[in-house]
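Each chain, written out:
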Amino acid sequence: MSKLIEVFKQYQHQLTWIYVFMLLTELSILSTPFLLGKSIDGLIVGNWYWIVLLGISYFLSNFFNYKRMVYDTKVYTAMYNDIALKFLKKDDVDVSTKIARTDMAHEIVNVLESYVHYYIATIVTIIGSLVFIYSENWQVGALVSVAIVFIISAVFVLYKKIRQGIVIANDHYEKKAKSIEDGYPSSQSFFNRRRKIEICQSTIQGKNWFLMNSIKYVFLILSIILLITTTKDITIGSVVTVYSYVSNFLIALMSAPVAIEMFLRISDVLKRLD
């Protein structure tokens, strides 16, 4: 990971501003279910205070996201060019490998752009949603906390297959230019092999998706039942709030396999670029 740390240090100031805007956006989004629930209960009795706050929250999340988007492209494109051009100065690899690895350099930029954004959103959602759930109904909070064990167990079951698929795909991709240079039969063999690898990876992702969604829906249904049966004088707004936070929490937990795949993918690319 030394290469990634080196790039981060080089663009530390610019990336800090980008991540601050990301965090502010996610915190504004996190408040939405709470403000929505309060707005519903408020409007029923003619109170407009919470709906105004909800509107302000929507505006702030949109504004912070806009500020990030108009700034980060300049930073990330400069970052990619710097990484790719430095690698091209090396003379110890063939042209096919250089082409593949300069393409793979996008993965480093993706870590600092998409992956970090993804992790920030996931962490804020998991912690924030759990806090709101416990504040509304501790029993529902305890129930959804159990889902963490099931999700982590499912990740460990498929971890090795995900890692193996990434290494095989990258090894194969580095042979692309050479296969094309060797003529049509070699190219045909390359793309047929590529297709089989992508089908295998898609199958693993499909199993992940099915397993995670099954866990999500079981806990979501149980949470609704527990909320309704254990809360006295429950309001429509409270139901909407808790349901939204439970759903967001479980969806964020489902990102665990994606987070693992992201980490394995960038780890393999960094080994090739060093």
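Model, not experiment: these values are computed from the prediction. (Residues numbered from 1 in each chain as written. Predicted model: local features only at pLDDT ≥ 70, side-chain atom pairs only at ≥ 80, totals over all residues. Heavy atoms only, no water.)

Notes on the overall build of the protein chain
Phase 1 of the analysis: The number of helices and strands found in the protein chain is ten helices and zero strands.
Phase 2 of the analysis: Taken from the N to the C terminus, the helices and strands of the protein chain come in the order α-α-α-α-α-α-α-α-α-α.
Phase 3 of the analysis: Counting the 274 residues in the protein chain, one finds 43% classified as buried.
Phase 4 of the analysis: Pairs at least 24 apart in sequence give 81% of the contacts found in the protein chain among residues at least 6 apart.
Phase 5 of the analysis: Accessible surface for the protein chain amounts to roughly 15400 Å². Of this, 66% is attributable to carbon and sulfur atoms. (Helix = DSSP H or I, 4+ residues; strand = E, 2+ residues; numbered from the N terminus. Buried < 20%, exposed > 50% of the residue type's maximum accessible area, 1.4 Å probe, protein only. Contact = heavy atoms within 4.5 Å. Areas by Shrake-Rupley, 256 points an atom, 1.4 Å probe, with all protein chains shown as cover.)

Let's talk about the pattern of salt bridges
Phase 1 of the analysis: Counted under the stated rule, the structure contains one salt bridge.
Phase 2 of the analysis: We note a salt bridge from Arg-68 to Asp-72, for which the minimum N-O separation is 2.8 Å. Separated by four residues within a single helix, Arg-68 and Asp-72 lie in helix 4 (residues 49-88), roughly one turn from each other. Pair check on accessibility: Arg-68 and Asp-72 agree, each one buried. (Salt bridge = Lys/Arg side-chain N within 4 Å of Asp/Glu carboxyl O.)

Quick look at helix 9 (residues 236-253)
Phase 1 of the analysis: With 18 residues, helix 9 ought to run about 26 Å at 1.5 Å a step, and its terminal C-alpha atoms sit 26 Å apart, in line with that.
Phase 2 of the analysis: Those residues of helix 9 that sit buried are Gly-237, Ser-238, Thr-241, Val-242, Ser-244, Tyr-245, Val-246, Ser-247, Phe-249, Leu-250, Ala-252 and Leu-253. (Expected span 1.5 Å × (residues − 1).)

Focus: the packing of helix 3 (residues 32-44) against helix 9
Phase 1 of the analysis: The N-to-C vectors of helix 3 and helix 9 enclose an angle of 165°; their axes lie 7 Å apart at closest approach. When the axis of helix 3 is compared with that of helix 9, the two are roughly antiparallel. The handedness of the crossing between helix 3 and helix 9 comes out as right-handed. Of helix 9, the residues touching helix 3 (which contributes Pro-33, Phe-34, Leu-36, Gly-37, Ile-40, Asp-41 and Ile-44) are Ile-236, Gly-237, Ser-238, Val-240, Thr-241, Ser-244, Tyr-245 and Asn-248.
Phase 2 of the analysis: Per-class residue counts for the contact of helix 3 with helix 9 are eight nonpolar, six polar and one charged. (Axes fitted to C-alpha atoms, helices over the stretch in contact; angles between N-to-C directions. Parallel < 35°, antiparallel > 145°, perpendicular 65-115°, else oblique. Left-handed = near helix turned anticlockwise from the far one by under 90°. Nonpolar A, V, L, I, M, F, W, Y, C, P; charged D, E, K, R; others polar.)

Examining helix 2 (residues 12-30)
Phase 1 of the analysis: Across its 19 residues, helix 2 extends 26 Å between first and last C-alpha, which sits within 8% of the 27 Å expected from 1.5 Å per residue.
Phase 2 of the analysis: Those residues of helix 2 that sit buried are Leu-15, Ile-18, Tyr-19, Phe-21, Met-22, Thr-25, Glu-26, Ser-28 and Leu-30.

Some thoughts on the nonpolar core
Phase 1 of the analysis: One finds Leu-15, Tyr-19, Tyr-76, Met-79, Val-246 and Leu-250 to be the most contacted residues of the largest nonpolar core, which totals 40 residues.
Phase 2 of the analysis: Mapped onto this core, the elements with two or more residues apiece are helix 2, helix 4, helix 5 (95-136), helix 6 (138-173), helix 8 (184-230) and helix 9.
Phase 3 of the analysis: When sequence neighbours within four positions are dropped, the list of residues in contact with Tyr-19 reads Phe-8, Tyr-76, Leu-112, Val-116 and Ile-120. (Core = buried A, V, L, I, M, F, W, Y, C linked by side-chain atoms within 4.5 Å.)

Some words on the packing of aromatic side chains
Each aromatic ring pair is characterised by the separation of its centres together with the angle its planes make.
Phase 1 of the analysis: As enumerated under the stated definition, the model contains nine aromatic pairs in all.
Phase 2 of the analysis: Relative to Trp-50, the ring of Phe-34 lies with its centre 5.8 Å away and its plane at 90°, an arrangement referred to as edge-to-face. With Phe-34 in helix 3 and Trp-50 in helix 4, this pair connects stretches of sequence that are 16 residues apart.
Phase 3 of the analysis: Taking relative accessible area as the criterion, Phe-34 reaches 23% and is therefore assigned partly exposed.
Phase 4 of the analysis: Each member of the aromatic cluster is reached from another via a ring pair, and the members are Phe-34, Tyr-49, Trp-50, Phe-132 and Tyr-245.
Phase 5 of the analysis: Stacked on the ring of Trp-50, the Lys or Arg Lys-38 has its end atom at 5.9 Å from the ring centre. (Phe/Tyr/Trp six-rings, centres within 6.5 Å; stacked < 30°, edge-to-face > 60°. Lys NZ or Arg CZ within 6 Å of the ring centre and 35° of its normal.)

Things to note about unusual backbone geometry
Phase 1 of the analysis: Even without being a glycine, Asp-233 presents a positive backbone phi close to 50°.
Phase 2 of the analysis: Among the secondary structure elements, Asp-233 is positioned in the loop between helix 8 and helix 9.
Phase 3 of the analysis: Note on Asp-233: relative accessible area 76%, which makes it exposed.

Purely spatial values, then, with no claim about function.
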